[in-house]
Amino acid sequence: MHNQTLPRNEERKQKLSAKRFLKIFLQVIVIVVMFAILLWYISSSQAEDGRSLAEVLLDIKIGYLTLAFLMYFGINILFTVRLKRVLAKDNIKMSLGKTLLAQYAGMLTSDFTPGRSGYMLTPMYLRDQNVPTSKSLSTILGIQTIEFLIKVAGGIGAVIYLVKFVPSTTWSTIFPQTIAGINIGIIIAGFGIGLMLLGATVLALFTWSKKAINIFYKIANIRFIKRFTGGLIGKLEEYKDSAHSTKKAIPEILVLTLICWFLKGFEWWFLGLAFGINVPWIAFFLIHPLVTALAFIPFIPAGLGVQEIGITGILGLLGVPAITAGAFAIIARILLIAEDLIGLPQIVKSTSLLFTRKKSQDITTDATQQEYDEQTQMIR
């Protein structure tokens, strides 16, 4: 029986590997296509600015770029303080330095995962501080709920700002297509806002509604679904208790998240100045949450390519030449990934610890199996 199980396990692993490879392959194809569209668009609009993409990138002002980099660093410091403060409500003490590395590790993981879902691995990066996974996960979900709701408000504010200050002729130039008389740009913006609102609603229900968790229990215990959710059921009760305490920290989460949003406005404003983009700070402050929604598209890792197209289109509405807007979008992405690399050592450390524990468990399981086989042989 034991020998028959091994080939089945190997066959199952091969199928999962093939599916994973196909999924990654399709994601890469979509990303390449998106960036090809972006490069084609900005190259075809090169005549407006009279410069190539390479020339625009080479003309970047390093001083302003450094200020943008520092703003993002400040945001991550505040994210770390926010995480520490919320977990402190559960009497969990953490080191600021180690937590900052875990924060960057979570951000780096999210840079390459669909819908930025990789940030949910941050609890794994906090294990070296003995932070219970259920508590850190509920904290992160609670924080993300507030953040999503703020971004929804910001996205709505951005649409109002653009509709009020951008001439209708400009809308039809940048987004010439309409659906049922509604400009395609407005529809895309509405889709992004709806995506964030949906995410915030789901997170809020699972973080703060016991009724929603009880419904999940019922669904998860259906015979067909149970084999896929079995691993979650055991953790859910523990998570539910931890999530309740996160409510006490809502005022602090709200204040720190709003400050981070202000810093993000300055980050993009400084980055815009680095390219000579003359757009008011309030515009960058409002449009950031709107285009950020594109990073949460479920299939594409962190909205790679799609978000850049969105940024280019929206800056185009504000009168920024496509070649400059495209360069801004590309550098905005590179700046994030470059700074998030600070978290790479933490990812390596946490991954090695995970494999070490798994190996120890496998050794223990093999030893138990060998002991069982020996005892069975003696009985025979």
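Counting restarts for each chain: residues are numbered from 1 in the order of the written sequence. Since the coordinates come from a predicted model, pLDDT governs what is reported: local features require at least 70, and pairs of side-chain atoms require 80 or more to be given and counted, while whole-chain, interface and lining totals use all residues. Derived side-chain values reflect all non-hydrogen atoms in the structure, with water molecules and hydrogen atoms excluded from consideration.

Participant: I tried to follow the packing of aromatic side chains on my own but got confused; where do I start?
Facilitator: Two measures describe an aromatic ring pair: the distance that separates the ring centres and the angle between the ring planes. Any two rings among Phe, Tyr and Trp, with Trp reduced to its six-membered ring, count as a pair given centres within 6.5 Å; such a pair is stacked if its planes are under 30 degrees apart, edge-to-face if over 60, and tilted if neither. Within the structure shown, the criterion is met by 11 aromatic pairs. Where Tyr161 meets Phe165, the ring centres are 4.8 Å apart and the plane angle is 40°; that geometry is what we call tilted. Of the two residues, Tyr161 and Phe165 are both situated in helix 7 (residues 133–165); the distance of 4 residues between them amounts to about one turn of the helix. Assessed through its relative accessible area of 14%, Tyr161 is described here as buried. Helix and strand assignments follow DSSP, with helices taken as H or I runs no shorter than four residues and strands as E runs no shorter than two, numbered in order from the N terminus. The buried label applies to any residue whose accessible area, calculated with a 1.4 Å probe on protein chains only, is under 20% of its type's maximum; exposed applies above 50%, and partly exposed to all values in between.

Participant: What is the right way to read the environment of Ile300 from this model?
Facilitator: In this fold, Ile300 is placed in the loop between helix 13 (281–292) and helix 14 (306–317). Between the C-alpha atom of Ile300 and that of Gly115, which follows or precedes it by 185 residues, the distance is 6.9 Å. Contacts are assigned to residue pairs with any non-hydrogen atoms lying within 4.5 Å of each other. Ile300 has contacts with Val30, Ile31, Thr113, Pro114, Gly115 and Val306, leaving out every residue within four places of it along the chain.

Participant: Sorry if this is basic, but what is going on with the side chain of Ser110 here?
Facilitator: Mapped onto the secondary structure, Ser110 falls in helix 5 (residues 96–110). Engagement of the side chain of Ser110 in a polar contact is seen with the backbone oxygen of Met107, the distance being 2.6 Å. We define a polar contact as two N or O atoms separated by no more than 3.5 Å, with the added condition that, inside protein, one atom must be a possible hydrogen donor and the other a possible acceptor, whereas residues neighbouring each other in sequence contribute only through side-chain atom pairs. Only 3.0 Å separates the side chain of Ser110 from the side chain of Arg116, close enough to count as a polar contact. If we ignore the near neighbours within four places in the chain, the residues touching Ser110 are Arg116, Gly118, Tyr119 and Ala302.

Participant: Can you walk me through the packing of helix 14 against helix 15 (residues 322–340) in this structure?
Facilitator: For the pair helix 14 and helix 15, the least separation of the axes is 8 Å and the interaxial angle reads 140°. As summarised for this structure, helix 14 and helix 15 are arranged oblique, according to the angle between their axes. Regarding helix 14 and helix 15, the two cross each other, and that crossing is right-handed. Of helix 15, the residues touching helix 14 (which contributes Gln307, Glu308, Ile311, Thr312 and Leu315) are Ala322, Ala325, Gly326, Phe328, Ala329, Ile330 and Arg333. Here the term charged refers only to Asp, Glu, Lys and Arg, the term nonpolar to Ala, Val, Leu, Ile, Met, Phe, Trp, Tyr, Cys and Pro, and the term polar to all other amino acids, Gly among them. Its residues assigned to classes, the contact of helix 14 with helix 15 shows 7 nonpolar, 3 polar and 2 charged. Geometry is summarised by axes, namely lines fitted to C-alpha atoms with helices restricted to the contacting stretch, and by angles between N-to-C directions that run from 0 to 180 degrees. Each angle receives one of four descriptions, namely roughly parallel if under 35 degrees, roughly antiparallel if over 145, roughly perpendicular if within 65 to 115, and oblique otherwise. Handedness of a crossing follows from how the near helix is turned relative to the far one, being left-handed for an anticlockwise turn of less than a right angle and right-handed for a clockwise one.

Participant: For this particular structure, what's the right way to read the nonpolar core?
Facilitator: One broad trend across soluble globular proteins is that nonpolar side chains are buried collectively. Throughout, nonpolar core names a set of buried Ala, Val, Leu, Ile, Met, Phe, Trp, Tyr and Cys residues whose side chains join them through atoms within 4.5 Å. Counting residues in each nonpolar core, the largest one holds 69 residues, and the members touching the most others are Phe275, Phe284, Leu315 and Phe328. Broken down by element, the residue count for this core peaks at 11 residues, all from helix 15. Other than its neighbours up to four places away in sequence, Phe275 contacts Val56, Leu57, Ile60, Thr324, Ala327, Phe328 and Ile331.

Participant: Looking at this structure, I do not really get the pattern of salt bridges. What am I missing?
Facilitator: Pairing of side chains with opposite charge becomes possible as their charged atoms draw close. One side-chain nitrogen of Lys or Arg within 4 Å of one carboxyl oxygen of Asp or Glu is enough to make a salt bridge. The full count for this structure, using the stated rule, is 8 salt bridges. Among the ionic contacts, a cluster of salt bridges with common partners joins Arg82, Glu147 and Lys151.

Participant: Looking at this structure, how should I read the side chain of Gln103?
Facilitator: Take Gln103: it is sitting in helix 5. Apart from the residues within four sequence positions on either side, Gln103 is in contact with Asn76, Phe79, Thr80 and Tyr119.

Participant: I tried to follow helix 14 on my own but got confused; where do I start?
Facilitator: Since one α-helical turn is 3.6 residues long, residues separated by three or four positions face the same way. Its 12 residues give helix 14 an end-to-end C-alpha distance of 17 Å, which sits within 8% of 16 Å, the value for a rise of 1.5 Å per residue. Among the 12 residues that make up helix 14, 11 are buried, leaving the element largely enclosed by the rest of the structure. Buried within helix 14 are the following residues: Val306, Gln307, Glu308, Gly310, Ile311, Thr312, Gly313, Ile314, Leu315, Gly316 and Leu317. Backbone geometry just after helix 14 places Gly319 at a positive phi near 90°. The span you would expect from a helix comes to 1.5 Å times its residue count less one.

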